[in-house]
Amino acid sequence: MTSEALRNQVAAKWQDAFNRLNRGAQGISGLMEFSNAWAIAAEFLRPRELGTPPKDFNTVEVRNAFDVLMQCRMLPMLLESFVEDMRRNQHLITNDVVRYMTEYEASGDPDVIGRLVLLLADWYFAWAPGGELGHTISSAYIVNFQTHVFSVLPSTFAGGFKKLLAATLAFYTQGGAAAAADAAASVKNSKLWPSFELLGLADRYESLIASVCYEHIEAHVLETCIGKWDEPMLSKLREWMADKVVPWMLLPYARGAKTTEEARTMLQGVGSRFDFHVCKTLCDLRTKEMFDIVIDHPDSTPALHDLKECLQRVDQRTQLVQALRKANERRLLHPGADTKVILTQYVSLIRCLRIIDPPGVLLFKVADPIRRYLRDRPDTIRCIVASLVVDGESGDSIVDDDEPIQALQSAPADDYTDPNWEPEPIDAGPDFRANRPSDVVSTLVSIYDSKDLFVKELQVLLAQRLLAVTDGNYEKERRNLEILKIRFGEGPLQVCEVMLKDMTDSKRIDQHVQSQSSSVMHPTIISRHFWPQFQTTKILMPGQLREIQESYARGFATFKPDKKLRWLSHLGSIRLDIQLQDRTISADVPPLEAAFIELFSEQDVWAVNDLITRVGPVERSVALKALLAWVDRGVLREESDGGDVQRFCLLESTPTGASATPIGMSTAGSRVALTEEEPTVLTVQQQQAEQMKVYWKFIEGMLTNLGGLPLDRIQTMLKFAPGYDRTVDQLGAFMDAARREGLVNVKDGIWRLNR
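Given the structure is predicted, the values throughout are model-derived calculations rather than measurements.

**So, the overall build of the protein**
Then, in step 1: Secondary structure summary: the protein contains 32 helices and 8 strands in total.
Then, in step 2: By the burial criterion, 41% of the 755 residues in the protein qualify as buried.
Then, in step 3: In the protein, of all internal contacts separated by at least 6 residues, the share reaching a separation of at least 24 is 69%.
Then, in step 4: By element, 52% of the accessible surface of the protein is carried by carbon and sulfur atoms, the whole surface being about 41500 Å².

**Some points on the side chain of Ser387**
Then, in step 1: Tracing the chain through its elements places Ser387 in helix H21 (residues 380-389).
Then, in step 2: One polar contact links the side chain of Ser387 to the main-chain carbonyl oxygen of Ile384, over a distance of 2.6 Å.

**Comments concerning the nonpolar core**
Then, in step 1: Residues Trp127, Phe145, Phe157, Phe196, Leu201, Met290 and Phe488 are the most contacted members of the largest nonpolar core, which totals 141 residues.
Then, in step 2: At 11 residues, the largest contribution of residues to this core is made by helix H6 (residues 110-127).
Then, in step 3: Contacts of Phe488, omitting those with residues within four sequence positions, involve Leu388, Leu408, Val445, Lys451, Phe454, Val455, Leu458 and Leu493.
Then, in step 4: Among the nonpolar cores identified, the runner-up in size contains 33 residues, and Leu580, Val589, Ala595 and Leu636 belong to it.

**A short note on the sheet that holds strand E7 (residues 744-747)**
Then, in step 1: Overall, antiparallel pairing links the 3 strands, which are arranged E6-E8-E7 in an open sheet. Either end of the sheet is taken by a strand with one partner, and the two such strands are strand E6 (709-710) and E7.
Then, in step 2: Alignment of E7 against strand E8 (residues 750-753), held across 4 bridges, turns out to be antiparallel. If you follow Lys747 over to E8, its bridge partner there is Ile750.
Then, in step 3: Helix-sheet contacts for helix H32 (residues 728-740) involve E7 and E8, and the interaxial angle to E7 is about 115 degrees.

**Re the pairing of E8**
Then, in step 1: On E8, burial follows the alternation: Trp751 and Leu753 on one face are buried, whereas Ile750 and Arg752 on the facing-out side are not.
Then, in step 2: Taken together, the 2 bridges between E6 and E8 define a ladder with antiparallel strand orientation. Directly across from Leu709, in E8, lies its bridge partner Trp751.
Then, in step 3: Where E7 folds back onto E8 in an antiparallel hairpin, the turn is made up of 2 residues, including Asp748, whose phi is positive at roughly 55 degrees.

**Focus: the pattern of salt bridges**
Then, in step 1: Taken as a whole and assessed by the stated rule, the structure comprises 28 salt bridges.
Then, in step 2: Two residues, Glu103 and Arg115, come together in a salt bridge whose shortest N-O distance is 3.1 Å. Note that Glu103 is positioned in helix H5 (residues 90-107) and Arg115 in helix H6, a separation of 12 residues in sequence.
Then, in step 3: Across the salt bridge formed by Arg317 and Asp357, the nearest N and O atoms sit 3.5 Å from each other. With Arg317 in helix H18 (residues 317-331) and Asp357 in the loop between helix H19 (339-356) and helix H20 (361-376), the pair connects residues that are 40 residues apart, well separated along the chain.
Then, in step 4: For Asp357, a relative accessible area of 5% corresponds to the buried category.
Then, in step 5: The structure contains a network of salt bridges with shared partners spanning Arg238, Asp275, Glu309 and Arg313.

**Things to note about the packing of H19 against H20**
Packed helix pairs are characterised by how far apart their axes lie and by the angle those axes make with each other.
Then, in step 1: With their axes 10 Å apart at the nearest point, H19 and H20 run at an angle of 170 degrees to one another. As far as their axial angle goes, H20 and H19 are roughly antiparallel. Of the residues in H20, those in contact with Thr339, Ile342, Leu343, Tyr346, Leu349, Ile350, Leu353, Arg354 and Ile356 of H19 are Leu362, Leu363, Val366, Ala367, Ile370, Arg371, Tyr373 and Leu374.

**Digging into the packing of H5 against helix H8 (residues 156-174)**
Then, in step 1: Closest axis-to-axis distance for the H5/H8 pair is 11 Å, and the angle between their directions is 70 degrees. Here H5 is positioned roughly perpendicular relative to H8, judged by the angle of their axes. The handedness of the crossing between H5 and H8 comes out as left-handed. Across from Met101, Tyr104 and Glu105 in H5, the residues of H8 making contact are Thr156, Phe157, Gly159, Gly160 and Lys163.

**Quick word on the side chain of Arg377**
Then, in step 1: Note that Arg377 resides in the loop between H20 and H21.
Then, in step 2: For the buried residue Arg377, which engages in no salt bridge, the nearest side chain bearing the opposite charge is Asp379, 4.9 Å off.
Then, in step 3: Residues in contact with Arg377, not counting those within four places in the same chain, are His334, Pro335, Ala337, Asp338, Thr339, Ile342 and Tyr448.

**Structural notes on the sheet that holds strand E3 (residues 605-607)**
Then, in step 1: A sheet is described by the order of its strands in space; here 3 strands give the open sequence E3-E5-E4, paired in antiparallel fashion. In this open sheet, the two strands that pair with only one neighbour each are E3 and strand E4 (636-640). Ignoring strand direction, the axes of neighbouring strands in this sheet form an average angle of 30 degrees.
Then, in step 2: Where E4 lies against strand E5 (residues 646-650), 5 bridges are found, and the strand directions are antiparallel. Each residue of the ladder has a partner; that of Arg637, found in E5, is Cys649.

**Here's the deal with the packing of aromatic side chains**
Then, in step 1: Under the criterion given, the structure shown has 19 aromatic pairs.
Then, in step 2: Considering the side-chain rings of Tyr695 and Phe698, the 6.3 Å spacing of their centres and the 45 degrees angle between planes classify their relative orientation as tilted. Here Tyr695 pairs with Phe698, and both are found in helix H30 (residues 684-706), just 3 residues apart, close to one helical turn.
Then, in step 3: Among the residues examined, Tyr695 registers a relative accessible area of 7% and is labelled buried.
Then, in step 4: Above the face of the Tyr205 ring, Arg204 is positioned so that its terminal group lies 5.9 Å from the ring centre.

**Considerations on H32**
Then, in step 1: Helix length check: H32 (13 residues) gives 18 Å between terminal C-alpha atoms against 18 Å at 1.5 Å per residue, within 8%.
Then, in step 2: For H32, every residue scored as buried is listed here: Leu731, Gly732, Phe734, Met735 and Ala738. Down the axis of H32, the smallest arc covering the buried residues is 165 degrees, so these residues share one side. Among the exposed residues of H32, those pointing more than 90 degrees away from its buried face are Asp729 and Arg740.
Then, in step 3: After H32 finishes, the residue Gly742 shows a positive phi value of roughly 85 degrees.

**Notes on unusual backbone geometry**
Then, in step 1: Look at the link from His297 to Pro298: it is a cis peptide, with omega at 10 degrees.
Then, in step 2: Examined against the element boundaries, Pro298 turns out to sit in the loop between helix H16 (290-296) and helix H17 (301-313).
Then, in step 3: Even without glycine at this site, Asp748 takes up a positive phi of about 55 degrees.
Then, in step 4: Position of Asp748 among the secondary structure elements: in the loop between E7 and E8.

**Side note on the confidence of the model for the protein**
Then, in step 1: Averaged over every residue, the pLDDT of the protein is 80; the share at 70 or more is 81%.
Then, in step 2: Note that residues 657-677 has pLDDT below 50 and, in this model, 30 contacts with residues that lie over four places away or in other chains.

**Focus: the environment of Gly707**
Then, in step 1: Take Gly707: it is sitting in the loop between H30 and E6.
Then, in step 2: The exposure class of Gly707 is partly exposed, given its relative accessible area of 28%.
Then, in step 3: Residues Gly707 and Trp751, spaced 44 residues apart in sequence, show a C-alpha to C-alpha distance of 8.4 Å.
Then, in step 4: Filtering out sequence-adjacent residues up to four positions away, Gly707 remains in contact with Met702 and Trp751.

Cut-offs and rules
Residues numbered from 1 in each chain as written. Predicted model: local features only at pLDDT ≥ 70, side-chain atom pairs only at ≥ 80, totals over all residues. Heavy atoms only, no water. Helix = DSSP H or I, 4+ residues; strand = E, 2+ residues; numbered from the N terminus. Buried < 20%, exposed > 50% of the residue type's maximum accessible area, 1.4 Å probe, protein only. Contact = heavy atoms within 4.5 Å. Areas by Shrake-Rupley, 256 points an atom, 1.4 Å probe, with all protein chains shown as cover. Polar contact = N/O pair within 3.5 Å; in protein donor to acceptor, adjacent residues only side chain to side chain. Core = buried A, V, L, I, M, F, W, Y, C linked by side-chain atoms within 4.5 Å. Pairing = 2+ DSSP bridges. Axes fitted to C-alpha atoms, helices over the stretch in contact; angles between N-to-C directions. Salt bridge = Lys/Arg side-chain N within 4 Å of Asp/Glu carboxyl O. Parallel < 35°, antiparallel > 145°, perpendicular 65-115°, else oblique. Left-handed = near helix turned anticlockwise from the far one by under 90°. Lys, Arg positive; Asp, Glu negative; His and termini not counted. Phe/Tyr/Trp six-rings, centres within 6.5 Å; stacked < 30°, edge-to-face > 60°. Lys NZ or Arg CZ within 6 Å of the ring centre and 35° of its normal. Expected span 1.5 Å × (residues − 1). Arc of directions from axis to C-beta. pLDDT = per-residue confidence, 0-100.

Here is the structure:
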């Protein structure tokens, strides 16, 4: 049984509730008024199906009904009832969502998603209570409606929504009547973006909206900028963003903006993000294309300026260095690439990276593997020197003709007392120096520690070019020498001055000898001590050729009694007129060919071995090459007796008949590998190898008397030998060559003679 106190408490609460609902009216008239107001408000808020005509409500009655409920403090109860009604009718929205998503999954058409969004917006307006009822009811309705919509959307909706966004972006950026005709109806519907905001899709899928814009930017950059390096593209991309993309960006990112200034303020942050992505995408593209951009320089200069601006906006210098190093290693630094091609690419790389990064940090990081690879190539110095003295019209120079000619620069020490001194860039390595040589020639020469190697190679190349001159005009070589003296200084090139003077003196001496006793020979007379070593082949010129040499030597001895000529018979060329029975053949030939054909004036048939015995110590392959040259001219014919003896016969008359060997054909040509013509002057590497053979006697004596020695000890002791100026690395290469020949062996760094 209930106690008296509990009955009193219940009675008090009942009375309180009655008074609140009746509001002090007579009898229960207030309660009846509350009941009527509840019925009107509940009916007004009850969700209805789409297509159902709305009931005709008196606005004043509805407002009065909500006022009554508010006075009775029953609005929260009404809101709970309204939410429950929405929950009971949610299946209506769910059915539409399922139907449209099934259609989309079958077709993949983003227009289906657009129609679904517009339909959900219609459901929203059909169930909306109206803003005049107060913020509490409106906000509760929005939250509950959006929550239900999000709960019934399947996972495939995000992909479809992304396609729909991409379609709207394409519609705005492409523009024109054709784009409008191809666009779906929902995409062109002006209510689509307000529906996104109404349903909360713009906020929920904000990252998706940004990704659509990012992907569109990337696609446009790749479509318009790949391989287009001859014009600036970054400015055009920014113009495209302002004209095409920004109007679309106003829809998701400037919602609610009433003025242009307000929209600009709202887009400021997101616009900076998208501009950053434009720079990043273009930077990524140009980084991948950088190797080809370097090849195409200077036509690709606009692309380099774009990349420079992008790198200032996007910090991707490390990625650029890594990409270039990998591309160089894969496409350039391998045995199949010619040294001149590597040098040309290196020079272009220097010029390109100086545009992108004037301090030179990027160049220092990218060029280091190239410099190390070139340092190990034996013909690098020769290629660099050849490019310095090449004729301007040949187009083979790797140095730009527009670059000023200046002395070689060396990297001076940092002067910290200089008021304009600046610290090195923050990403510079420990070995980087900001005041490195700036001109291309100095950079190339700095690949090696000393410029003496270049001076020696210059002497070899100048000797070859001087000996190749046939018209006596040495102005090109004189001009090249003056330019080189500016670069390397006059002192190191003093020997080259003597070589050039020898050529002019030789012409003067020849004129004097010719004036005393006319001769068909016009030799070049040089100073033995000032010229590089020549290929040594002792050819004894036979017959009238020897008489011409001796006659000229007598005339020279009369003019220069204190000097003696030492003939280099294997060098030069001889103009011959060969008179046969039915023809006369004229040809400019090397001395060896002239010597062989002169011997055929003594007898018509010669064996190859007999010819070599008469002329001197000549390699058999070289002798065959000279003889086959006369076979090709139709002067000689090869004969074979079925044995190993090769003979050549003089053809006094042109051969006829089917059995005759056609002119220009030779069976010997298929049996002998013709050697390439060797250069007149020994290269620097050949000269060094010859000199190291002299020092081998010193090394052999050390290892015989002292036993095993480390390389450093051998180097120290060799410095006492006259004229020794090799480095430890050069000595190590020589010792490795001796080891391969079986002369020495090495174990734990100790070198010993093989017994």
